[in-house]
Amino acid sequence: MEREVRVRFAPSPTGPLHIGGVRTALYNYLLAKKVGGKMILRIEDTDQNRFVPGAEDYILESLKWCGIELDESPVVGGPYAPYRQSERKPMYMQYAMQLIESGHAYYAFDTAEELDAMRERLKAAKVATPQYNSITRNTMRNSLTLPEDEVKQLLDSGAPYVIRLKVPRKEEIRLKDLIRGWVMVHSSAIDDKVLMKSDGMPTYHLANIVDDHLMQITHVIRGEEWLPSAPLHVLLYRYLGWEDTMPEFAHLPLLLKPDGNGKLSKRDGDKLGFPVFPLRWTDPFTGEVSSGYRESGYLPEAFVNFLAFLGWNPGTQQELFTMDELADEFTIERIGKSGTRFDIQKARWFNEQYLRAKPDAELAKYLLAALEEHNISCTQEKAEKIAGLMKERVSFPQEFWREASYFFVAPTEYNEKVATKKWNSQAVAVFEDFKNELPALQNFNADSVKELLLGILERHNMKIGQVMQALRLAVTGAEAGPDLMQIIEVIGKEETVSRIGTAIEKLSQYATA
RNA sequence: GGUCCGUUCGUCUAGGGGUUAGGACUUCAGAUUUUCAUUCUGGCAACAGGGGUUCGAUUCCCCUACGGACUACCA
């Protein structure tokens, strides 16, 4: 019988979620959505020292912004609650004990100093991999080397201890990865991992196996950095007697820095010239602010589409996908194997595509919001018109205001290059007529304005190309922009006349030719 | 160092024993336009190297090189 697909995204709340984590969450979500399974968020907060306030809320908000919906989580709960490992603390010890009883784990009483000394000793002896393993455990202070009554006494006296997995000396561990195929690792390469820490918390290794089992997880989709410890996890499933319901594994290729030099990490912040976080993050300890995709003007649909393509592709020529389409097309088999360099240019391109596809009415909201900040009133109709004129020339919503403020504010400066090249007395003569005749124009709109201008040009024996740049300069102060006649239609008759008058005065120094 | 994973245009990638090695981003050129942008057309540009296997390898195998991850009482 096929089990219902249940996947989990299991971040630790040690700071903002970084973009690679978002992609991991996305792939999990897409698989669940595709097959009608469940998407679970589990907070892995077993390291109390690394707790960062606000991180969990940040994770929740990031997923929400991306449109990743959670079927079970710390906030909505679910049949396998709680979903925070710190709240599941009492559940782990029994499994560690089970492993001790079956001879697959043991108590260890070594201090940090003793562990350091052991590693130093091995290093000095030129041992390739200094680790706590089947050889070295015989020289350490643990329940395998100490007499039984001493162990009991230590335990009774409350001496600090950890529980370590007893990894077999010689054994091939096979692991089937959905992306890479069979991976073989020898047990000698794995050390006796700590399962329970001296503070009574489990380590990631134990906690994730116990929780995945208890929560009936069917697929573990996580970053490639987990691949080396995956065989260890297989061992745990086996020793706990859960191997027949062990989830399938898929280890995702890493997101690399643009230069290919190492994986993209949280610490890169804004150093690379682009955000590494979905949302803006303020470090609660240092106050340092890191920018986010949301605040930078990326639309969530574009961000998700872009992220999905970082390491996965549908095998067709289609590039633009809604979340539903992504879910339909998604398969783990089509995830690539190699690390993916991050290319912000592509993200920008996706954003432009989504921006242009949006209806003007929706884009107008961005402009209206910016206008409100500047205390400028504007009708919905006018904002829509401007959005329509601008949308093919912007990459981000903020640019509607930034690049088109001349729709609302008369220019105070004029592009000098255009002034030098295009502003001359012939053009001014045309503009004088234009300015004088405009007020009487009937049916004022882009077409009638153009007709009027054309008529004046004919009288002056000039062509439209000889004055358009200068007229644009007079009206907007800029060298480029949308159709000028449309701009004039939007700003209106009086404002146009006024701006032309102002320009004739202010630019008189250029009109010598 | 050890273990594991990887390697197709600058980047993301498709492909897969016989192809003019395809697309997208970037970039360049041309067309259109009142400017810029858009759009359209076109161009540059890749199978890491060496051995096998084979009639034939970019594709399968091995080695080398390079890159990456891991190597904590962190996840």
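Examining the protein's contact with RNA strand B
Point 1. Looking at RNA strand B, there are 56 residues lining it, with Arg180, Lys197, Arg393, Gly481 and Asp483 nearest.
Point 2. Here, RNA strand B places atoms within 4 Å of the protein, and 72% of those atoms are sugar or phosphate.
Point 3. With respect to RNA strand B, the backbone of Ala128 contributes an N or O atom lying 3.2 Å from a base nitrogen.
Point 4. Within the backbone of Lys263, a nitrogen or oxygen atom sits 3.2 Å from a phosphate oxygen of RNA strand B.

Digging into the pattern of salt bridges
A side chain of one charge can pair with a side chain of the opposite charge if their charged atoms are brought near each other.
Point 1. This model, assessed by the stated rule, comprises 31 salt bridges.
Point 2. Across the salt bridge formed by Arg84 and Glu56, the nearest N and O atoms sit 2.9 Å from each other. With Arg84 in the loop between α2 (55-66) and α3 (89-101) and Glu56 in helix α2, this pair connects stretches of sequence that are 28 residues apart.
Point 3. Across the pair Glu301 and Lys358 runs a salt bridge, and its minimum N-O distance is 3.1 Å. With Glu301 in helix α9 (residues 300-308) and Lys358 in the loop between α11 (344-357) and α12 (360-373), this pair connects stretches of sequence that are 57 residues apart.

Remarks on the sheet that holds strand β4 (residues 162-165)
Paired through their backbone hydrogen bonds, the strands of a sheet run either parallel or antiparallel.
Point 1. Spatial strand order, β3-β4-β7: three strands in an open sheet with antiparallel pairing. Looking at the sheet topology across the chains shown, the edges are occupied by β3 (105-108) and β7 (194-196). Across the sheet, the mean angle separating the axes of adjacent strands is 40° when strand polarity is ignored.
Point 2. The pairing of β4 with β7 spans two bridges and is classified as antiparallel. Looking at β7, one finds that Ile163 is bridged to Met196.

A closer look at the pairing of strand β8 (residues 219-223)
Point 1. The element β8 is extensively covered by neighbouring structure, given that five of its five residues are classed as buried.
Point 2. Where β8 lies against strand β9 (residues 248-252), five bridges are found, and the strand directions are parallel. Note on β9: the bridge partner recorded for Val220 is Phe249.
Point 3. Between the parallel pair β8 and β9, the chain is carried across by helix α7 (residues 230-240), and the sense of this crossover is right-handed.

With respect to the domain arrangement of chain A
Point 1. Entries for chain A in the domain assignment read domain 1 (6-74 + 208-257), domain 2 (91-203), domain 3 (268-354), domain 4 (358-409) and domain 5 (410-513).
Point 2. Each of domain 1 and domain 3 has a C-alpha centre, and the two are 18 Å apart.
Point 3. On the domain 3 side, the residues contacting the 34 residues of domain 1 number 39 residues.
Point 4. Counting each side, the surface lost to burial between domain 1 and domain 3 is near 3100 Å², with a carbon and sulfur contribution of 75%.
Point 5. Broken down residue by residue, the surface that domain 1 buries against domain 3 is led by Ile19, Tyr27 and Trp65, which jointly contribute 24%.
Point 6. Counting across the domain 1 and domain 3 interface gives two salt bridges.
Point 7. Put simply, Glu61 and Arg294 hold a salt bridge, and the shortest N to O gap is 2.9 Å.

Remarks on the nonpolar core
Note on soluble globular proteins: their nonpolar side chains tend to be buried together.
Point 1. Phe407, Trp423 and Phe431 are the most contacted members of the largest nonpolar core, which has 115 residues in total.
Point 2. Among the elements that take part in this core, helix α1 (residues 19-35) stands out by supplying nine residues, more than any other.
Point 3. If near-sequence neighbours (up to four positions away) are discounted, Phe407 is found in contact with Lys382, Ile386, Leu389, Met390, Pro482, Ile487, Val490, Ile491 and Arg499.
Point 4. Of all hydrophobic cores here, the second largest spans 42 residues; its members include Ala105, Ala159, Ile173 and Val210.

Some details on the side chain of Ser448
Point 1. Mapped onto the secondary structure, Ser448 falls in helix α17 (residues 446-459).
Point 2. Owing to a relative accessible area of 12%, Ser448 belongs among the buried residues under this scheme.
Point 3. At a separation of 2.8 Å, a polar atom in the side chain of Ser448 contacts the main-chain carbonyl oxygen of Asn443.
Point 4. Filtering out sequence-adjacent residues up to four positions away, Ser448 remains in contact with Leu441, Gln442 and Asn443.

Rules used in this analysis
- Residue positions are given per chain, counting from 1 as you read along its sequence in written order.
- Naming scheme: in the order in which they are written, chains are lettered from A and ligands are numbered from 1.
- With the structure being a predicted model, the display of local features is reserved for residues of pLDDT at least 70 and the display and counting of side-chain atom pairs for 80 or more, all residues being used for whole-chain, interface and lining totals.
- The side-chain values count all of the structure's non-hydrogen atoms but skip hydrogen atoms and water molecules.
- Note on terminology: near, applied to a residue and a molecule or strand, indicates that one of the residue's heavy atoms is within 4 Å of it.
- The definition of a polar contact used here is a pair of N or O atoms within 3.5 Å, where within protein one atom must be able to donate a hydrogen and the other to accept one, and adjacent residues in sequence count solely through side-chain atom pairs.
- The term salt bridge refers to a pairing of a side-chain nitrogen on Lys or Arg with a carboxyl oxygen on Asp or Glu at a separation within 4 Å.
- Helix and strand assignments follow DSSP, with helices taken as H or I runs no shorter than four residues and strands as E runs no shorter than two, numbered in order from the N terminus.
- The pairing criterion is simple: DSSP has to find at least two bridges between the two strands.
- Axis geometry follows a simple rule: fit a line to the C-alpha atoms, using only the stretch in contact for helices, then measure angles between N-to-C directions, giving values from 0 to 180 degrees.
- In this scheme, a residue with accessible area under 20% of its type's maximum is buried, one over 50% is exposed, and one in between is partly exposed, where area comes from a 1.4 Å probe on protein chains only.
- Crossover handedness is defined by viewing with both strands directed away from the observer: a clockwise path from the first strand over the helix to the second marks the crossover as right-handed.
- Just so you know, the domain bounds were taken from an automatic or database domain assignment.
- Residues count as neighbours in contact if any of their non-hydrogen atoms are within 4.5 Å of one another.
- Values labelled buried area give the accessible surface lost by two parts on being combined, using a 1.4 Å probe and summing over both.
- Among the buried residues, those of types Ala, Val, Leu, Ile, Met, Phe, Trp, Tyr and Cys that are joined through side-chain atoms within 4.5 Å form a nonpolar core.

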